[in-house]
Amino acid sequence: MKITERIQQPIHIEMAAFEDKFKEAMATKVPLLNRITHYIVRRKGKQMRPMFVFLVAKMVSDGDFNERTYRGASIIELIHTATLVHDDVVDDSNKRRGFFSINALWKNKIAVLVGDFLLSKGLLLSIDNDDFDILKLISIAVREMSEGELLQIEKARRLDITEEVYFEIIRQKTATLIAACCGIGAASVGASKEEVEKMRKFGEYIGIAFQIKDDLFDYSDAQIGKPTGIDIKEQKMTLPLINTLNTCTNKERKWLINSVKNHNTDKKRVKEVIEFVKKNGGLEYTIEKMNEYKNLALNILNTYPESEYKESLLTMIDYVVERKK
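The structure displayed is predicted, hence computed values, not measured ones. (Residues numbered from 1 in each chain as written. Predicted model: local features only at pLDDT ≥ 70, side-chain atom pairs only at ≥ 80, totals over all residues. Heavy atoms only, no water.)

## A closer look at the packing of helix α9 (residues 193-216) against helix α14 (residues 282-301)
Helix-helix packing is characterised by the crossing angle of the two axes and by the distance between the axes.
Phase 1: Between α9 and α14, the least distance of the axes is 9 Å, while the angle of their chain directions is 160 degrees. When the axes of α9 and α14 are compared, the pair comes out roughly antiparallel. Here α9 runs over α14; the crossing is left-handed. In this structure, α9 uses K198, M199, K201, F202, Y205, I206, I208, A209, I212, K213 and L216 to contact α14, whose residues at the interface are L283, T286, I287, K289, M290, Y293, K294, L296, A297, I300 and L301.
Phase 2: Residue composition of the contact of α9 with α14, by class: 16 nonpolar, one polar and five charged. (Axes fitted to C-alpha atoms, helices over the stretch in contact; angles between N-to-C directions. Helix = DSSP H or I, 4+ residues; strand = E, 2+ residues; numbered from the N terminus. Parallel < 35°, antiparallel > 145°, perpendicular 65-115°, else oblique. Left-handed = near helix turned anticlockwise from the far one by under 90°. Contact = heavy atoms within 4.5 Å. Nonpolar A, V, L, I, M, F, W, Y, C, P; charged D, E, K, R; others polar.)

## Brief notes about the pattern of salt bridges
Phase 1: This structure, assessed with the given rule, holds 19 salt bridges.
Phase 2: Of the charged contacts, one joins E197 and R200 as a salt bridge, the two residues approaching to 3.0 Å between their closest N and O atoms. With a gap of three residues between them, E197 and R200 both fall in helix α9, about one helical turn apart.
Phase 3: Residue classification places R200 among the buried positions, given a relative accessible area of 19%.
Phase 4: A salt bridge links K289 to E292, with the nearest nitrogen and oxygen atoms 3.5 Å apart. One end of the pair is K289 and the other is E292, both in helix α14 and three residues apart, which spans about a single turn.
Phase 5: Linked by salt bridges that have partners in common, R143, E144, E147, E168, R171, E197, R200, K201 and E204 make up one network. (Salt bridge = Lys/Arg side-chain N within 4 Å of Asp/Glu carboxyl O. Buried < 20%, exposed > 50% of the residue type's maximum accessible area, 1.4 Å probe, protein only.)

## Focus: the nonpolar core
Phase 1: Formed by 102 residues in total, the largest nonpolar core has its most connected members in L118, I138, M199, F202 and L241.
Phase 2: The element contributing the most residues to this core is helix α8 (residues 163-188), with 14 residues.
Phase 3: If near-sequence neighbours (up to four positions away) are discounted, L241 is found in contact with Y219, L256, V260, V273 and V277. (Core = buried A, V, L, I, M, F, W, Y, C linked by side-chain atoms within 4.5 Å.)

## Side note on the packing of aromatic side chains
Ring pairs (aromatic) are described by centroid distance and by the angle formed between their planes.
Phase 1: A full pass over the atoms with the stated rule returns eight aromatic pairs.
Phase 2: Centre to centre, the rings of F18 and F22 are 5.7 Å apart; their planes meet at 20 degrees, and the pair counts as stacked. Taken together, the positions of F18 and F22, both in helix α2 (residues 12-26) and four residues apart, correspond to about one turn of that helix. With respect to class, F18 is no different from F22; both count as buried.
Phase 3: With a centroid separation of 5.7 Å and an interplanar angle of 65 degrees, the aromatic rings of W255 and F276 are classed as edge-to-face. Note that W255 is positioned in helix α12 (residues 250-262) and F276 in helix α13 (residues 267-279), a separation of 21 residues in sequence.
Phase 4: By relative accessible area, which is 28% here, W255 ends up partly exposed. (Phe/Tyr/Trp six-rings, centres within 6.5 Å; stacked < 30°, edge-to-face > 60°.)

## What about α13?
Phase 1: For α13, built from 13 residues, the straight-helix expectation of 18 Å at 1.5 Å per residue is met to within 8% by its first-to-last C-alpha distance of 18 Å.
Phase 2: Within the sequence span of α13, burial applies to R269, V270, V273, I274, F276 and V277. Seen from one end, α13 has its buried residues packed into an arc of 160 degrees, which puts them on one side. Facing away from the buried surface of α13 by more than 90 degrees, the exposed residues are K267, K268, K271 and K279.
Phase 3: Against the buried residues of α13 lie α10 (230-233), α11 (239-247), α12 and α14.
Phase 4: Sitting at the amino-terminal end of α13 is D266, which places a side-chain oxygen 3.0 Å from the backbone nitrogen of K268.
Phase 5: Immediately beyond the C-terminal end of α13, within one or two residues, lies G281, with a positive phi of roughly 80 degrees. (Expected span 1.5 Å × (residues − 1). Arc of directions from axis to C-beta. Polar contact = N/O pair within 3.5 Å; in protein donor to acceptor, adjacent residues only side chain to side chain.)

Right, dumping it as structure tokens:
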């Protein structure tokens, strides 16, 4: 059994029902939009985010869930899909999960409008059902994702990202949506404000660990669908490189910055940078930090009694830090 199937086992009935409810949430009277949303649904990913919503909801309520939980999962997936469609336009990317992206098939203008449509559908799903607590959680996530992207663009121009700024960028860009999943899962079953915030922090810690793991792939030789050194080529300052810049000599620092700024398309130079980061302990430090965030998430999870939902969330944490792609 695949690890994602194992994680999904206690909620497989809810996930199957969610599929239909999600398609329903995307429905429209515009034929072109229906064609595009049908294309999106058929090429869905692992759906880890809705899984977080259902697992957290059931863990904090001792197996309970309701229509609000389904709506929360749908809202998360609508917003997540909207951001992916917009990201492909921003990055001028023609592929998404091995298939043509929306902008590649229907051009940028339509892709931007589809992203806007999905975003508004997600927000209206909350408003129409008076789920204002859920709306607040998702709106904060949307704001933070935009801020994180813009902060990264601003800092990338000058290559002056400190470790503190790096963590703020990945918290906003990646972790905030997983935090919203867990907060919404708890809120959907009537958890207290304190418990919603506790589960939101749990999701944030997992999200940060997830992004750190992604950054480590840039230094891996494994075939993961993301070419080795792509972050360096795109002048993205990730933790292995930031740590190495902080611990090397001034001369080495100048060489590293010059390499990333002016020689980032030279394969030989990029390889030299990767080897230098490995040799100077950048990867060990990054793995250590990833495990710190994993342990923060585990500490929160361990305040809950044993259950199949907690077990699945524990497996999810292991999957986040041990996955091969």
